[in-house]
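One-letter residues, chain by chain:
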Amino acid sequence: MSNDLAPRELRVLVAVEEERSFSGAAGRLGMTQSAVSHSVRSSEAKIGAVLFERGRSGAAPTPAGARAAAHGRRVLRMLDALAAEARGAAPDPADDTVAGPLRIAAFRSAALHLLPPALERLTARHPGIVPEVRLVREVGPGTAGEVAAGRADLGIATIGTTSPVPPRLVGGVLLEEGYALVHPAGHPAPRSLPLVDWTENCTSYTKEWWAGQEWIPAARVQAEDDGAVLSMVSSGFGMAIMPELSLVGAPHTVEITDLGPERPTRDVGYVTTPELAPTVAVRALIRELRALRR
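Enquirer: Before we go on, may I ask you to explain the packing of aromatic side chains in this structure?
Expert: Each aromatic ring pair is characterised by the separation of its centres together with the angle its planes make. This structure, assessed with the given rule, holds 1 aromatic pair. With centroids separated by 6.4 Å and ring planes inclined at 80 degrees, the aromatic side chains of Phe 22 and Phe 52 adopt a geometry described as edge-to-face. A residue pair is termed long-range when its members are at least 10 positions apart, and Phe 22 in helix H2 (residues 22–29) and Phe 52 in strand E1 (residues 52–55) qualify at 30 residues. By relative accessible area, which is 10% here, Phe 22 ends up buried. The buried category is assigned to Phe 52, whose relative accessible area is 2%. When the ring centre of Trp 215 is taken as origin, the NZ or CZ atom of Arg 191, which lies over that ring, is 4.1 Å away.

Enquirer: Looking at this model, I keep getting lost on empty space enclosed by the protein. Mind explaining?
Expert: A probe matching the size of a water molecule, rolled over the atoms, marks out where space remains unfilled. Overall, the coordinates contain 1 cavity of 30 Å³ or more when judged by the stated rule. One number sums up the size of the largest cavity: a volume of about 30 Å³. If you trace the largest cavity, you find it lined by Arg 74, Arg 77, Arg 103, Val 147, Gly 150, Ala 152, Asp 153, Thr 273, Glu 275 and Leu 276. Its residues assigned to classes, the lining of the largest cavity shows 3 nonpolar, 2 polar and 5 charged.

Enquirer: I tried to follow the nonpolar core on my own but got confused; where do I start?
Expert: The nonpolar side chains of soluble globular proteins are, as a tendency, buried together. Within the largest apolar cluster, 28 residues are counted, with the highest numbers of intra-cluster contacts made by Leu 102, Leu 154, Ile 156, Leu 285 and Leu 289. Tallying contributions element by element places helix H10 (residues 280–293) first for this core, with 7 residues. Not counting residues up to four positions away in its chain, the partners in contact with Leu 102 are Arg 77, Leu 122, Ile 129, Val 130, Pro 131, Glu 132, Asp 153, Ala 281, Val 282 and Leu 285. Core analysis: the second largest hydrophobic core is formed by 13 residues, Val 12, Leu 13, Phe 22 and Ala 25 among them.

Calculation rules
Residues numbered from 1 in each chain as written. Predicted model: local features only at pLDDT ≥ 70, side-chain atom pairs only at ≥ 80, totals over all residues. Heavy atoms only, no water. Phe/Tyr/Trp six-rings, centres within 6.5 Å; stacked < 30°, edge-to-face > 60°. Helix = DSSP H or I, 4+ residues; strand = E, 2+ residues; numbered from the N terminus. Buried < 20%, exposed > 50% of the residue type's maximum accessible area, 1.4 Å probe, protein only. Lys NZ or Arg CZ within 6 Å of the ring centre and 35° of its normal. 1 Å grid on protein atoms, 1.4 Å probe; cavity = no way out; pocket = protein on both sides within 12 Å on 5 of 7 lines; lining within 4 Å. Points joined across faces, edges and corners; volume = space filled by probe spheres on them. Nonpolar A, V, L, I, M, F, W, Y, C, P; charged D, E, K, R; others polar. Core = buried A, V, L, I, M, F, W, Y, C linked by side-chain atoms within 4.5 Å. Contact = heavy atoms within 4.5 Å.

Below you can see the structure in the form of structure tokens.
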């Protein structure tokens, strides 16, 4: 018997990991619970590791199970891409067409201000591509983690010394964002205001700059994301230090002050998997994103 996992077995692993239960996976896949259980046991025997901890509360993936599911999603996505690429192939590569979903993970400001013009150009040139954009908080694994786990084909991510492109992914820088001081318009002493902040991935340079500014107090208000921060500053709750993309279309009730040549910055780029990087859809989106940078 071959130790290779079949696509059907991979779909079962992914469904169990995402549903956190055998019964949930069975309902999702239109299988019986016993068939799902048998498939998982067969996969565990082939892999040689326990993939799920069974219990009354469901099926919790072990570290091996979480990794197997991530690889399974990526393999299944490549099978979809294989079919789409083959159907869209033309004698002249320049005439290649491709149809189907393109899954994109992006943090809020990138989804609002960076992606729309790139997607407009992408779908005009490749009308068969259907972008699926999910907002992901750029905290911890962030958007790159979604790509690594097989839940996104491409992520718009912060790339820096403390959040580099994860192992086994590829990517590149699209733009450098500078940070600026944002405060209620017309305030005579904005640096005396309380700080409004939120959690995000930053470079070590940004953190070092921040630590060296004695005038910056501890955050008095913590918000969920940069949009909430901007709204609070606009309402007069305090001041904030925010990256440029977050300030596109800022209301007239706030004032943006440059922090000077030593201002902190962060790089914004794209990440994808080595196997999806050569596909028509991913290459086309990267090309449009780079064109915006120019």
